[in-house]
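# Residue-level structural notes
Listed here are the chains, written in short residue letters.
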Amino acid sequence: MANNVDVVLLRNRMKRRRQFVKLLIVLAIAGIIAFIYVKRDIWFPRLEGIGSRYQNVTRNEDADAEGNFELSVSGGVDYTADFISNNLFILCDKYLYIYGTDGKLKDSRQHAYGNAVMQVRNKRALVYSSNGTSFRVDTPTKMLYEQTLDQPIWFGVLSDEGYAAIVTDSESYACMLSIYDANGKLEYSRECVERLSDVCFYGNGCIFSTISSSEGELITTLQYITFDNKSVVWETSPLDTLCLDVCVMPDGGAFVIGDSKAAYYSSTGALVGNYDYNASLVDYVFKDGRAAVLLKNEQRRQSVLMLFSDKSAAPVPVSLDGIGKSVIIDNEIAYVLGGGHIKSYSFSGADLETIDVQDAYDKILKYGKYFYLLGYDKIHRTDAK
């Protein structure tokens, strides 16, 4: 009988020991989880950096004697790229990468935005989820702030001072315009009865383009409002084009780039001049009061570059050999990528220089003495000389 009692006691002791060991394991796991959570600001960025080395964008280490390099982009991954000072911002489907002009990775920041869009202005980058509800503003050193809204986002733009204009759906109106200050605080909101296609900051307010239809054709109207008043300061007459970009002229007024024509407006909204393209729009750029519009004539299989530099004069047209893909402006010179070369033009239309490149690239950027050529699965830096 004593032996039976000893067996029962032994089993109970072993059972209690196993339960105690399990409790210690659970407490240890809970402690590890709590530690990781408390230190998440330290560990998560490191984990993101590790993950980014195996995703999306990596550097090809085979640099040539001139210091050119390539960044490889995972096939099929959509990306956009632009510069903030000497930092190349590359937005992919899961990460925002920041590279130096030497091709070295400075930072990688994860995002969870579907259909992510990036817009760069001055020293900041606005990243938002098209048809999603979140947006954020980043600098080369950190993410400044992030906001989650109640309605899906149509588009957003930045000002030179760091203000953000976000256009969203609206429950009662066509859309909602919201203005956030440099710290992410909501400063102004406006419910709009017509759809907006673009916004640009101007003075103590902004100019926005509205789109509607007349006799089956899309028309654009500009309105200027100030943030201390709900009323419209001035409104333009309708223009028979779909506005893609509203740009502020240095001396006041606005320049509109539409899908079929471009137009100048005075500082009071009066139409100064408008110019039909008579060809298909391929690409465009506006910088410091100058615009370059790249067009393609399907019938002639030829590209035309329209150079706008003076609102009192007609644009200068330049016929190009072959089909142009992308255009940029740098130091009052227009550069066109296409046909296996980069061609540069003054705004008087003079042909300045031609640089041969591979014809596997679709977009072009320029910073300092280098061009950055953007292709399907790579970004290549080459000397601009």
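Model, not experiment: these values are computed from the prediction.

The rules behind each value
Residues numbered from 1 in each chain as written. Predicted model: local features only at pLDDT ≥ 70, side-chain atom pairs only at ≥ 80, totals over all residues. Heavy atoms only, no water. Helix = DSSP H or I, 4+ residues; strand = E, 2+ residues; numbered from the N terminus. Buried < 20%, exposed > 50% of the residue type's maximum accessible area, 1.4 Å probe, protein only. Contact = heavy atoms within 4.5 Å. Areas by Shrake-Rupley, 256 points an atom, 1.4 Å probe, with all protein chains shown as cover. Core = buried A, V, L, I, M, F, W, Y, C linked by side-chain atoms within 4.5 Å. Pairing = 2+ DSSP bridges. Axes fitted to C-alpha atoms, helices over the stretch in contact; angles between N-to-C directions. Phe/Tyr/Trp six-rings, centres within 6.5 Å; stacked < 30°, edge-to-face > 60°. Lys NZ or Arg CZ within 6 Å of the ring centre and 35° of its normal. Salt bridge = Lys/Arg side-chain N within 4 Å of Asp/Glu carboxyl O.

## As for the overall build of the chain
- Secondary structure assignment for the chain yields two helices and 33 strands.
- When each of the 385 residues of the chain is scored for burial, the buried share is 46%.
- Summarising the internal contacts of the chain: among those between residues at least 6 apart in sequence, 36% fall at separations of at least 24.
- Accessible surface, the chain: about 20200 Å² in total, of which carbon and sulfur atoms supply 49%.

## Considerations on the nonpolar core
- With 27 residues, the main nonpolar core has Phe135, Phe155, Val167, Leu177, Leu196 and Val199 as its most contacted residues.
- The element best represented in this core is strand 11 (residues 153-158), accounting for five residues.
- Not counting chain neighbours up to four residues away, the residues in contact with leucine 196 comprise Trp154, Phe155, Val167, Cys175, Leu177, Phe208, Ser209 and Thr210.
- The next biggest cluster of nonpolar side chains, apart from the first, holds 18 residues, and it includes Tyr79, Leu88, Tyr95 and Leu374.

## Structural notes on the sheet that holds strand 18 (residues 232-235)
- Pairing is antiparallel in the open sheet, where four strands are placed in the order 15-16-17-18. Each end of this open sheet is capped by a strand with a single partner; those strands are strand 15 (195-202) and strand 18. Put simply, the sheet's adjacent strands are angled 25° from each other on average, direction ignored.
- Here strand 17 (residues 217-226) runs beside strand 18; their pairing, made up of three bridges, is antiparallel.

## Details of the pairing of strand 14 (residues 186-192)
- As defined by bridge partners, strand 13 (residues 175-180) adjoins strand 14 across six bridges and the pair is classed as antiparallel. Across the sheet, cysteine 175 pairs through a bridge with cysteine 192, a residue of strand 14.
- Where strand 13 folds back onto strand 14 in an antiparallel hairpin, the turn is made up of five residues, including glycine 184, whose phi is positive at roughly 90°.

## A word on unusual backbone geometry
- The backbone of serine 85 shows a phi angle near 55°, a positive value even though the residue is not glycine.
- Note that serine 85 resides in the loop between strand 3 (80-84) and strand 4 (87-91).
- The backbone of asparagine 278 shows a phi angle near 60°, a positive value even though the residue is not glycine.
- Secondary-structure assignment places asparagine 278 in the loop between strand 22 (271-276) and strand 23 (280-287).
- For asparagine 278, a relative accessible area of 71% gives the class exposed.

## Re the packing of aromatic side chains
- One pass over the full model with this rule turns up 15 aromatic pairs.
- Between tyrosine 335 and phenylalanine 371 the ring centres are 5.3 Å apart and the planes differ by 70°, which places this aromatic pair in the edge-to-face class. Separated by 36 residues along the polypeptide, tyrosine 335 in strand 28 (residues 333-338) and phenylalanine 371 in strand 32 (residues 370-375) bring together distant segments of the chain.
- A residue is classified by how much of its surface remains accessible, and tyrosine 335, at 12% relative accessible area, is buried.
- According to the relative accessible area criterion, phenylalanine 371 is buried, its value standing at 1%.
- Taken together, the aromatic side chains of Phe255, Tyr264, Tyr275, Phe286 and Phe308 make up a single cluster linked through ring pairs.
- Positioned above the aromatic ring of tryptophan 154, the side-chain terminus of arginine 195 is 4.2 Å from the ring centre.
- Sitting above the plane of the tyrosine 370 ring, arginine 381 keeps its charged end 3.7 Å from the centroid.

## Focus: the pattern of salt bridges
- Per the counting criterion, the structure on display carries 13 salt bridges.
- For aspartate 330, the salt bridge is made with lysine 366, and the minimal N-O distance between the two is 3.0 Å. Remark: lysine 366 occurs in strand 31 (residues 361-367) and aspartate 330 occurs in strand 27 (residues 326-330); sequence separation between them is 36 residues. As far as the burial class goes, aspartate 330 and lysine 366 line up, both buried.

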